[in-house]
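Geometric and topological summary
Okay, here's what each chain looks like letter by letter:
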Amino acid sequence: MDTVRKAVFPVAGLGTRFLPATKAMPKEMLTIVDRPLIQYVVEEAKAAGIEEFIFVTGRGKSSLEDHFDMAYELEDTLSKRDKVQQLEDLHAWLPDAGHVIYTRQQAPLGLGHAVWCARHIVGNEPFAVLLPDELVLSDTPCLKQMMGVYAQVGGNVLATMDVPKDQTNRYGILAIAKDDGRKVEVTGLVEKPDPSDAPSNLSITGRYILQPEVFGHLSKKERGAGNEIQLTDAMAKMIGSHPFHGYRFDGERHDCGHALGFLKANMAFALQRDELAADLKEFLKDL
Ligand code: G1P
């Protein structure tokens, strides 16, 4: 079984749900406690053994590139002030030189199209996809849990979670056969079905391990839900030719793509931090 070494981060979205915050700043740079969303997912990928980080980016997103580069003036100043710990903290999560790769999605044609834009960089090997507006709070990083499942069953593995039936039209939804409580066998995938048409209430969370054959299906550029080129539709075409599983991960999913979810994520992640938790709890109680 081929090792998953590469991860694709679709980061070209306009972030219209966060205007005006995202007028001049990428939504992936919005901050949960003290680090941007994109850093959480890159760290998650790194913890899962990913070696190559592929950003599918777009116009106005250059601060993402700066974030994963050395900041010479800052580091020079910290060094002159003997801020050794701060310097170490800045370096700890940086991928090695030459391991972050950027390409652009030239038009907003959907998630499937964004992933397809990375096809030449991924090549003919399995890869991960991580959507930065979803964070998972867990002991073992979500993608690492999925790597464990992939090591057993290979093929395609999707992070999944149960959602209320009336929310199926917000997600990709799985049709399933076997279900052992954690791992489910996928027999179908539908993007954002109405609750009345949804084959289950198991949704796709923004973490995927995929076989490169998905690029062939994406290259047909067929339009799906919302008239977009959907990753879900291309994945569905691999069912039957590759093992295909969903995995109910251990952890708490936070949808940071809208204001309420983003605020809740800030609270949840801050409450995990020893230096913040007690005072924050106090404040929340008073509030
Ligand atoms: C995308 C996918 C969907 C998935 C969701 C998870 O939708 O198309 O299948 O369930 O991410 O957040 P989006 O949120 O981009 O509309």
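A brief report on the enclosed structure follows. (Residues numbered from 1 in each chain as written. Predicted model: local features only at pLDDT ≥ 70, side-chain atom pairs only at ≥ 80, totals over all residues. Heavy atoms only, no water.)

This part covers the pattern of salt bridges. Counted under the stated rule, the structure contains 19 salt bridges. The closest approach of N and O atoms between Arg 253 and Glu 134, which form a salt bridge, is 2.4 Å. One end of the pair, Arg 253, is in strand β13 (residues 252-255); the other, Glu 134, is in strand β7 (residues 134-137), and 119 residues separate them in sequence. Salt-bridge contacts for Arg 273 lead to Glu 275; the nearest nitrogen and oxygen are separated by 3.0 Å. A residue is classified by how much of its surface remains accessible, and Glu 275, at 52% relative accessible area, is exposed. The network of salt bridges with shared partners includes Asp 34, Arg 35, Glu 43, Arg 273 and Glu 275. (Salt bridge = Lys/Arg side-chain N within 4 Å of Asp/Glu carboxyl O. Helix = DSSP H or I, 4+ residues; strand = E, 2+ residues; numbered from the N terminus. Buried < 20%, exposed > 50% of the residue type's maximum accessible area, 1.4 Å probe, protein only.)

So, on to a nonpolar patch on the surface. A surface patch of nonpolar side chains, amounting to about 460 Å² of accessible area, comprises Met 267, Leu 271, Phe 283, Leu 284 and Leu 287. Its relative accessible area of 31% is what places Leu 271 among the partly exposed residues. (Patch = residues over 30% accessible without salt bridge, like charges linked within 9 Å, V, L, I, M, F, W, Y side chains within 5 Å. Areas by Shrake-Rupley, 256 points an atom, 1.4 Å probe, with all protein chains shown as cover.)

Let us now look at the packing of aromatic side chains. In total, this model carries 8 aromatic pairs according to the counting rule given. Relative to Trp 93, the ring of Phe 68 has its centre 5.8 Å away and its plane inclined at 90°; by these criteria the two rings are edge-to-face. Here Phe 68, found in the loop between α2 (62-67) and α3 (72-80), pairs with Trp 93, found in the loop between α4 (84-92) and β5 (100-104); they are 25 residues apart in sequence, far enough to count as distant. Take Trp 93: its relative accessible area is 10%, and that puts it in the buried class. When the ring of Phe 127 is compared with that of Phe 215, the centres are 4.9 Å apart and the planes differ by 10°; the resulting orientation is stacked. Remark: Phe 215 occurs in helix α8 (residues 214-218) and Phe 127 occurs in strand β6 (residues 127-130); sequence separation between them is 88 residues. (Phe/Tyr/Trp six-rings, centres within 6.5 Å; stacked < 30°, edge-to-face > 60°.)

Just geometry here; none of it tells us what the structure is for.
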